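Results of the structural survey
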Amino acid sequence: MQKFIFVTGGVLSGLGKGVVAASIGLLFKQQGYRVSLQKIDPYVNVDAGTMNPYEHGEVFVTHDGKETDLDVGRYERFVNVELSAAHYMTTGQVYWNVIRQERTGAFLGKTVQVIPHITDEIKTRIRKALEASQAEIGVVEIGGTVGDIESLPFLEAVRQMKDELPGEDTFFVHLTLLPHLSTSDEIKTKPTQHSVKELRGIGIQPDAIVARTELPLPASVKQKIALFCDVPKDNVIEDPDLPSSYHAPIKLHENGLTRCIALGLGLPVREPDLAEWTRRVGVMSSAQEKVRIGIVGKYVELKDSYISIRESLTHAAIAEGVDLAIEWISSEDIARAGADGLLARVDGLLIPGGFGDRGIEGKIQAARYAREKKIPCFGLCLGLQCMAIEYARNVLGLARANSHEFDLDTPDPVIALLEEQVRVVRKGGTMRLGAYEAALAPGTISRTSYGAPAVAERHRHRYEFNPAYRERFEKAGMKIAGTSPDGTLVEILELPSHPWFVGVQFHPEFTSRFLAPHPLFCSFVHACRSSGSPSSFSSS
Ligand code: GLN
């Protein structure tokens, strides 16, 4: 069995297509189907690796080292599947491959055109994604909004698939917005009608409309959408505002989405097993004990830049049964005003990854504050590097210690370019990317948390802890808690004299899932609970 569910969006961007696609994936996986998910991003970049998190949110890294859109992370978190480069497609990749084939002479004598050559390439990649996961059902999200010039070849390709495959093998879900006019207290359907008209102009008739709405959807409005958009009334699915994205699968299921897709695909109508999911969502809204975690970053105005970290903390907080409060603290504010005032209220501190020197000194000050005040501190990638720089400066007495990324003239480059990076000049897809193994030292927090002697975690970096300083760090009390299997690269630093001070060169936030929280995040949140800050004991 090979069936495809295509998810498109209309009216405006940011309605939550990724959440709807991930929810559909979960609802079918929990019926026992093998499911794959794929994100199509119509922009011309080959991947998300060269894009600014300000514009596009976090860059999510797959186990095989593809730098993808944050929606791929959302799929993995929701559906608890491992996706790969095959599950992420951009215009850049499609054209790149077609042009490469043209140069080798694959189309000799032919005129290479968007239809059929580009659309054929798109269809091949959609099928390959399903096959890569040996899946029965492929959920394919087409990024952007219907009407965008960039998404036209993708919509044309999936239109062709609809015609080529048996009728019950494709299903089109279209997500729209129903604005509410407060002056007349009306829910308006016209933008939905227009976006469906646009979609039909391309040759795609949606099978279901998922309608984002602030207010409950009256039967009359549902009926109107059904009539004007030519879908059965039961296939107009209300998608209300919810306390969290994890409430969405439950709500969309209650509102009939699973049933209408199953019927459309000729599948039996079954109940997905949402028991554990629902239990965890319940913990989210009922937990009393508050844990405040400060994230010291440079993109704090744009929370999507750290979405996997936020979600990993959420998963761990649920596992610990606590109510998570994240304080977003700008590293530049710390550099300007000092750590004391800004960090006084937090039970734990997380220093995320990043690139470039903006805000670095604030992160280093934050690491010092956490170390000296014995507040749990979790450094991820650049976070580990800042912890090492801080330790070198203030414990080893190397006052000008730094990373070569920020200061090429530093006399003490405790963080230096990875050997393999020295000759790298091209920027796209050239970092140390994807899953690499780390061997864990006995008796460390990491080893205890993972409960295993080795672990594979995802990476995205060019710099590393400089091995020339290893001995001096160890003599001064810093523990090398994890290394590459050959012992050469430092993967984890821990401070045994501190309750919880762990820096990792990798990104554990990319492998935490709603139903399977990450052990290091759980250990961190657990340590924050007992960190002794007065805020741990109050729920208000
Ligand atoms: N900029 C640092 C490096 O390239 C850290 C990267 C990161 O935090 N992802 O090594």
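Remember, predicted model here, so these are calculated numbers, not experimental data.

All residues in the neighbourhood of the ligand are listed as Gly 353, Gly 354, Phe 355, Cys 381, Leu 382, Gln 385, Glu 405, Arg 460, His 461, Arg 462, Tyr 463 and His 507. In the model, a nitrogen atom of the ligand is placed 2.9 Å from a nitrogen or oxygen of the Arg 460 main chain. With the chains in place, 98% of the 300 Å² that the ligand exposes on its own is no longer accessible. In this structure the site holding the ligand corresponds to the second largest pocket. Mapped by element, the contributors of at least two residues to the shell around the ligand are α16 (382-394) and β19 (454-461). Here the residues of the shell around the ligand sort into four nonpolar, five polar and three charged.

Turning next to the packing of aromatic side chains. In total, this model carries 16 aromatic pairs according to the counting rule given. Between the aromatic rings of Phe 6 and Phe 172, the centroid separation amounts to 5.1 Å while the plane-to-plane angle is 35°, which identifies the pairing as tilted. Linking Phe 6 in strand β1 (residues 3-9) with Phe 172 in strand β7 (residues 170-178), this pair joins segments that are 166 residues apart in sequence. Both residues of the pair, Phe 6 and Phe 172, belong to the buried class. Within the aromatic cluster, the residues linked to one another by ring pairs are Phe 78, Tyr 246, Trp 277 and Phe 514. Here the guanidinium or amino end of Arg 432 rests over the ring plane of Tyr 436, the centre of that ring lying 4.3 Å away.

Here we take up the sheet that holds strand β16 (residues 402-403). Strand order in this open sheet of three strands is β16-β17-β20, and the pairing throughout is mixed. Each of the sheet's edge strands pairs with one partner strand only, and the pair in question is β16 and β20 (463-465). On top of the sheet, α16 reaches β16, β17 (413-417) and β20; it is set at about 145° to β17, its chief contact.

Moving on, we get to the nonpolar core. Core analysis: the biggest nonpolar cluster contains 52 residues, and Ile 5, Ile 24, Phe 28, Ile 261 and Trp 277 have the highest contact counts within it. Counting residues per element, this core draws most heavily on helix α1 (residues 17-29), at eight residues. When residues no more than four places from it in sequence are discounted, the contact partners of Ile 261 are Ile 5, Ile 24, Phe 28, Phe 171 and Val 173.

Attention now goes to the sheet that holds strand β18 (residues 432-440). With respect to topology, nine strands assemble into an open sheet ordered β13-β12-β14-β15-β23-β22-β21-β18-β19, the strand pairing being mixed. Whereas interior strands pair on both sides, the edge strands pair on one side only; in this sheet they are β13 (323-330) and β19. Going from strand to strand, the sheet's axes swing by 25° on average, the running direction of each strand aside. Strand direction decides the pairing type here: strand β15 (residues 377-380) and strand β23 (residues 501-504), joined by four bridges, are parallel. If you follow Cys 377 over to β23, its bridge partner there is Phe 501. Seen against the sheet, helix α12 (residues 307-320) touches β12 (290-297), β13, β14 (348-351) and β15 and runs at an angle of roughly 155° to β13.

Throughout the structure, instances matching the rule amount to one cavity of 30 Å³ or more. Lining the largest cavity are Leu 418, Arg 432, His 461, Glu 464, Leu 489, Val 490, Glu 491 and Gln 505. Broken down by class, the residue content of the lining of the largest cavity amounts to three nonpolar, two polar and three charged.

Leave glycine aside and you will find that most residues have negative phi; peptide bonds, for their part, are mostly trans. Each neighbour pair has its own omega, and for Ile 115 with Pro 116 the value is 15°, a cis peptide bond. Mapped onto the secondary structure, Pro 116 falls in helix α5 (residues 114-132). Notably, Asp 230 is not glycine yet its phi reads approximately 60°, a positive angle. Mapped onto the secondary structure, Asp 230 falls in the loop between α8 (219-229) and β11 (236-240).

With that settled, consider the packing of helix α3 (residues 70-79) against α12. Their axes nearest at 10 Å, the elements α3 and α12 cross at an angle of 15°. In terms of orientation, α3 lies roughly parallel with respect to α12. Every pair of crossing elements has a handedness; the one defined by α3 and α12 is right-handed. From α3, Leu 70, Arg 74 and Arg 77 reach across to α12, where they touch Ile 307, Ser 308, Glu 311 and His 315. Classifying every residue of the contact of α3 with α12 by side-chain character gives two nonpolar, two polar and three charged.

Moving on: a nonpolar patch on the surface. Taken together, the side chains of Tyr 95, Ile 99, Val 114 and Ile 115 make up a nonpolar region of the molecular surface, amounting to roughly 340 Å² of accessible area. Breaking the nonpolar patch down by element, the ones donating at least two residues are α4 (91-104) and α5. For Ile 115, the position within the fold is in helix α5. Exposure remark for Ile 115: the relative accessible area of 47% places this residue in the partly exposed category.

Basis of the calculations
Residues numbered from 1 in each chain as written. Predicted model: local features only at pLDDT ≥ 70, side-chain atom pairs only at ≥ 80, totals over all residues. Heavy atoms only, no water. Near = heavy atom within 4 Å. Polar contact = N/O pair within 3.5 Å; in protein donor to acceptor, adjacent residues only side chain to side chain. Areas by Shrake-Rupley, 256 points an atom, 1.4 Å probe, with all protein chains shown as cover. 1 Å grid on protein atoms, 1.4 Å probe; cavity = no way out; pocket = protein on both sides within 12 Å on 5 of 7 lines; lining within 4 Å. Sits in = over half its atoms within 2 Å of the grid points. Helix = DSSP H or I, 4+ residues; strand = E, 2+ residues; numbered from the N terminus. Nonpolar A, V, L, I, M, F, W, Y, C, P; charged D, E, K, R; others polar. Phe/Tyr/Trp six-rings, centres within 6.5 Å; stacked < 30°, edge-to-face > 60°. Buried < 20%, exposed > 50% of the residue type's maximum accessible area, 1.4 Å probe, protein only. Lys NZ or Arg CZ within 6 Å of the ring centre and 35° of its normal. Pairing = 2+ DSSP bridges. Contact = heavy atoms within 4.5 Å. Axes fitted to C-alpha atoms, helices over the stretch in contact; angles between N-to-C directions. Core = buried A, V, L, I, M, F, W, Y, C linked by side-chain atoms within 4.5 Å. Points joined across faces, edges and corners; volume = space filled by probe spheres on them. Parallel < 35°, antiparallel > 145°, perpendicular 65-115°, else oblique. Left-handed = near helix turned anticlockwise from the far one by under 90°. Patch = residues over 30% accessible without salt bridge, like charges linked within 9 Å, V, L, I, M, F, W, Y side chains within 5 Å. Salt bridge = Lys/Arg side-chain N within 4 Å of Asp/Glu carboxyl O.

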